[in-house]
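Structure at a glance
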Amino acid sequence: MSFDLSGLSPYTDELSTDLVSKALLKPHSVSYLTVLPGKTAGTSAINLLNSNANIIDAACGFGAAQTGPGGATGNSTVFSQLDLVVQSKMLKEQLCPEDLRTYWLSSQMSPSAYLESVPFEERIAQNKVDNIAQYVENTIWQGDGGNLDGLLTQATVSNGAIGGTGAGITVPLAVGTAFDSIWGIYNKLSNALKQEDDLVMYMSMSNYAIAVQALMNEGNSLIQQYPNISNASGGAAMTFVWPGTNMTIFGAPGINTDSHILVGPKKYAFFGTGLIDDQDNFKFYYDPSQDIVNFMSKFRLGTAVYASQFVSTI
């Protein structure tokens, strides 16, 4: 009796959504951004809510004296919008299983002359996941060189960010001055922003390593703050909380410059993607007209930042 596999679906047909979700949500920086799924390609508006609160001594009535004159000096609820540009991307490849015949044992290849699938499909799919994740990580910060601007371009002083330079701040970070520089950048935040519970200071991996060294030089406070110091999982920690603050220091692999450091609330840094429909997927499928196995992945991504809520050194 032979195996009847007609009722089984190919690996990526079963796990297509899981794979593309992993590719888009696995990049390190995505964990430190606000993810907005269900975005179609093009520009969509993110609605932002804020308030001006003018609290005064209690008194009867709802006149101007009680509610304030409005605008920045009175009580008001303010809606604003931030544009999020999302672009569709794809990765396509043709795989000819017959090309593998002379390299792999027959136990790993179908004995049939017709090869309608490729061996190691799971390994190949995982490799594509890793490649796309790396692309997403870099694009978040650097853009795609075309339609998408990365966060490094968007979060600048010229775009409304708070200036993060001045006396006592040296960027790129240097071991001898990094401790004071990080405090100097942090202190550029308003008192209101310092109270946010999701503050993140985004920096390059090089600056992150220097920040760790600078903190170690200050004493043993690093042992209290560094989360994976024993690191049983084997993955290098890329975040820690700066002592005396609620600010997470994050080394982002996609930041390719040591001169640009950002700090602000995670809630105002956005990553837009599709994910919730079948337009974002992974597929392996056999094309009998060409006698070849095709691989295709399509996905969407884009970023936006509410620059006025961030300190930027650029």
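Here the structure is a predicted model, which is why all the values come from computation and not from measurement.

Remarks on the packing of helix α5 (residues 178-186) against helix α7 (residues 205-217)
- Look at α5 against α7: their axes get within 8 Å of each other, and the N-to-C directions meet at 110°. Compared by their axis directions, α5 and α7 come out roughly perpendicular. Counting all contacts with α5, which are made through Ala 178, Phe 179 and Ile 182, the residues of α7 involved are Ile 210, Ala 211, Ala 214 and Leu 215.
- Tallied by class, residues from the contact of α5 with α7 come to seven nonpolar, no polar and no charged.

A closer look at the environment of Ala 209
- When you line up the elements, Ala 209 lands in helix α7.
- The exposure class assigned to Ala 209 is partly exposed, which follows from its relative accessible area of 34%.
- As a C-alpha pair, Ala 209 and Gly 251 span 42 residues in sequence and 8.1 Å in three-dimensional space.

What to know about the side chain of Thr 248
- As for its position among the elements, Thr 248 is in strand β7 (residues 248-251).
- Judged by its relative accessible area of 17%, Thr 248 is buried.

Some details on the pattern of salt bridges
- Taken as a whole and judged by the stated rule, the model has six salt bridges.
- Taking the shortest distance from any N to any O, the salt bridge between Asp 130 and Lys 26 comes out at 2.7 Å. Here Asp 130 is found in helix α3 (residues 121-142), whereas its partner Lys 26 is found in the loop between α1 (11-25) and β1 (34-36), with 104 residues between them in sequence.
- Of the charged contacts, one joins Glu 196 and Lys 267 as a salt bridge, the two residues approaching to 2.7 Å between their closest N and O atoms. Placement of Glu 196 in the loop between α6 (191-194) and β5 (199-203) and of Lys 267 in the loop between β8 (262-265) and β9 (269-273) is noted, with a sequence separation of 71 residues between them.

Here's the deal with the pairing of β9
- Of all five residues making up β9, five are buried, and the element is well covered by its neighbours.
- Sheet topology note: the β1/β9 ladder contains three bridges and is parallel. Residue pairing in the sheet places Val 35 in a bridge with Phe 271 of β9.
- With five bridges connecting them, β9 and strand β11 (residues 292-305) associate as antiparallel partners. Bridge pairing in β11 places Phe 270 opposite Ala 304.

Points about the sheet that holds strand β12 (residues 311-312)
- Pairing is mixed across the open sheet formed by six strands, whose spatial order is β4-β12-β8-β5-β7-β6. The sheet terminates laterally at β4 (162-163) and β6 (239-241), the two strands that pair on one side only.
- As judged from the four bridges shared by β5 and β8, these two strands associate in the antiparallel manner. In the sheet register, Leu 199 faces β8, and the bridge partner there is Pro 265.
- The strands touched by α5 are β5, β7, β8 and β12; relative to β5, the strand with the most contacts, the crossing angle is about 130°.

A few points about the side chain of Asn 207
- Structurally, Asn 207 is set in helix α7.
- There is a polar contact of 2.8 Å between the side chain of Asn 207 and the backbone oxygen of Asp 258.
- When sequence neighbours within four positions are dropped, the list of residues in contact with Asn 207 reads Pro 172, Leu 173, Asp 258 and Ile 261.

Focus: α3
- Its 22 residues give α3 an end-to-end C-alpha distance of 31 Å, which sits within 8% of 32 Å, the value for a rise of 1.5 Å per residue.
- Among the residues making up α3, those that are buried are Glu 121, Ala 125, Lys 128, Val 129, Ile 132, Ala 133, Val 136, Glu 137, Thr 139, Ile 140 and Trp 141.

Looking at unusual backbone geometry
- Following Val 171, the chain continues into Pro 172 via a peptide bond in cis, with omega recorded as 0°.
- Tracing the sequence through the fold places Pro 172 in the loop between β4 and α5.

As for the confidence of the model for the protein chain
- Taken as a whole, the protein chain shows an average pLDDT of 81; of its residues, 80% reach a score of 70 or greater.
- This stretch, residues 1-8, has a pLDDT under 50; its non-local contacts, to residues over four places away or in other chains, come to zero contacts.

Quick look at the packing of aromatic side chains
- Enumeration over the complete set of coordinates arrives at 10 aromatic pairs.
- When the ring of Tyr 202 is compared with that of Phe 250, the centres are 6.2 Å apart and the planes differ by 80°; the resulting orientation is edge-to-face. Taken as a pair, Tyr 202 in strand β5 and Phe 250 in strand β7 lie far apart in primary sequence, 48 residues in all.
- For Phe 250, a relative accessible area of 1% translates into the label buried.
- Centre to centre, the rings of Phe 240 and Trp 242 are 6.2 Å apart; their planes meet at 35°, and the pair counts as tilted.
- Each member of the aromatic cluster is reached from another via a ring pair, and the members are Phe 179, Trp 183, Tyr 186, Tyr 208, Phe 240 and Trp 242.
- Here the basic side chain of Lys 267 rests over the ring of Tyr 268, its NZ or CZ set 5.9 Å away from the ring centre.

Conventions and cut-offs
Residues numbered from 1 in each chain as written. Predicted model: local features only at pLDDT ≥ 70, side-chain atom pairs only at ≥ 80, totals over all residues. Heavy atoms only, no water. Axes fitted to C-alpha atoms, helices over the stretch in contact; angles between N-to-C directions. Helix = DSSP H or I, 4+ residues; strand = E, 2+ residues; numbered from the N terminus. Parallel < 35°, antiparallel > 145°, perpendicular 65-115°, else oblique. Contact = heavy atoms within 4.5 Å. Nonpolar A, V, L, I, M, F, W, Y, C, P; charged D, E, K, R; others polar. Buried < 20%, exposed > 50% of the residue type's maximum accessible area, 1.4 Å probe, protein only. Salt bridge = Lys/Arg side-chain N within 4 Å of Asp/Glu carboxyl O. Pairing = 2+ DSSP bridges. Polar contact = N/O pair within 3.5 Å; in protein donor to acceptor, adjacent residues only side chain to side chain. Expected span 1.5 Å × (residues − 1). pLDDT = per-residue confidence, 0-100. Phe/Tyr/Trp six-rings, centres within 6.5 Å; stacked < 30°, edge-to-face > 60°. Lys NZ or Arg CZ within 6 Å of the ring centre and 35° of its normal.

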